[in-house]
Every structure is written in structure tokens, then in C-alpha cells.
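For reference, the chains in residue letters:
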Amino acid sequence: MLSPKKVKFRKRQRGRTKGKAFRGSTLGFGDYGLQALECGHMTAQQIEAARVAITRHVKRGGKVWIRVFPDKPVGKKPAETRMGKGKASPDGWVAVIKPGRILYELEGVGDTMAAEAFRLAGHKLPFATRFVTRRS
């Protein structure tokens, strides 16, 4: 799973998930991309699951770029724990996603194969996505 090697602070606040993505909203590497249409958090496990879905469908052909990185720690209290007693210990890592953000890029395969690979990857993610091409 993806996670930072080192962070300045162990715990971070949740913050707001609103607004549109300006950085990372255009294709930079490949010919096809998967773009987020909603706000949300993408865990390291979801990033990996979508990547595996893409690479399996294209049968390890072409080249895949992952354009997001989980750099925000999230905490989770243990089950059957009472409220209070401070913030929970870091449990995992998430990437903050805003609408318009390109999540994955792909190159070296056909239109239909790329569209199907990104459709399968989109099912692994907790928000709506769409398939974009360099021509559109």
C-alpha cells in the first residue's frame, strides 16, 4: 500500500471537502484518464484496488500512471469504545479528492480497452468518475 515515508505531524484534522480541483485536472502523461466527479477521500487500499483492476484488464499492456498519493492520516477508534478521550491513533492514509481531479492515466492501448479498464476501476472507488481522452 502507498504511504508517506515521513510526515511532519502524526495527526491531522479532517478539513472540508468542497471546491473544484485546479491542479491535476488535465491529462499530463497518457492518452486516457479517469477523472473524479465528486469530492471524497480515497484510501490507499482503494488506490491499489483500482490500479490492479486497470492492469489486469489491459493484461499488463500499456503504461499506467497513478496521479494521486495518500498523504493524509486518518484515525479510527476501536470498536466498542466510549466517546471522548482525545483523537484516535492514525489508522490509515487517504488522498483528498476534489471534482475534476485526474486519478489514473493510461497509454498504449485502444479506446475501448481503456474505457472498459477505467469502468472497472471506477467501481472500486467511493465516488463517481468519468472516462476522459486527450482528444475530448
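This section reports on the structure supplied with the text. (Residues numbered from 1 in each chain as written. Predicted model: local features only at pLDDT ≥ 70, side-chain atom pairs only at ≥ 80, totals over all residues. Heavy atoms only, no water.)

### What about the environment of A88?
(1) Moving on: Turning to its location among the elements, A88 is positioned in the loop between β4 (72-75) and β5 (90-97).
(2) Moving on: When its relative accessible area of 15% is taken as the criterion, A88 is described as buried.
(3) Moving on: Between the alpha carbons of A88 and G75 there is a distance of 5.0 Å; along the sequence they are 13 residues apart.
(4) Moving on: Once residues lying within four places of it in the same chain are set aside, the contact partners of A88 are K11, G75, K76 and K77. (Helix = DSSP H or I, 4+ residues; strand = E, 2+ residues; numbered from the N terminus. Buried < 20%, exposed > 50% of the residue type's maximum accessible area, 1.4 Å probe, protein only. Contact = heavy atoms within 4.5 Å.)

### As for the pairing of β5
(1) Moving on: Here strand β2 (residues 40-43) pairs with β5 via four bridges, running antiparallel. Bridging across to β5, G40 finds its partner in I97.
(2) Moving on: By the bridge criterion, four bridges tie β4 to β5 in an arrangement that is antiparallel. In the sheet register, G75 faces β5, and the bridge partner there is P90. (Pairing = 2+ DSSP bridges.)

### A word on the sheet that holds β5
(1) Moving on: Taken together, the three strands give an open sheet; going across it, the order is β2-β5-β4, and neighbouring strands pair in antiparallel fashion. The sheet is open, and its two edges are formed by β2 and β4, each paired on a single side. Averaged over all pairs of adjacent strands, the angle between strand axes in this sheet comes to 50 degrees, irrespective of strand direction.
(2) Moving on: Here helix α1 (residues 44-57) sits on the sheet in contact with β2 and β5, set at roughly 70 degrees to β2. (Axes fitted to C-alpha atoms, helices over the stretch in contact; angles between N-to-C directions.)

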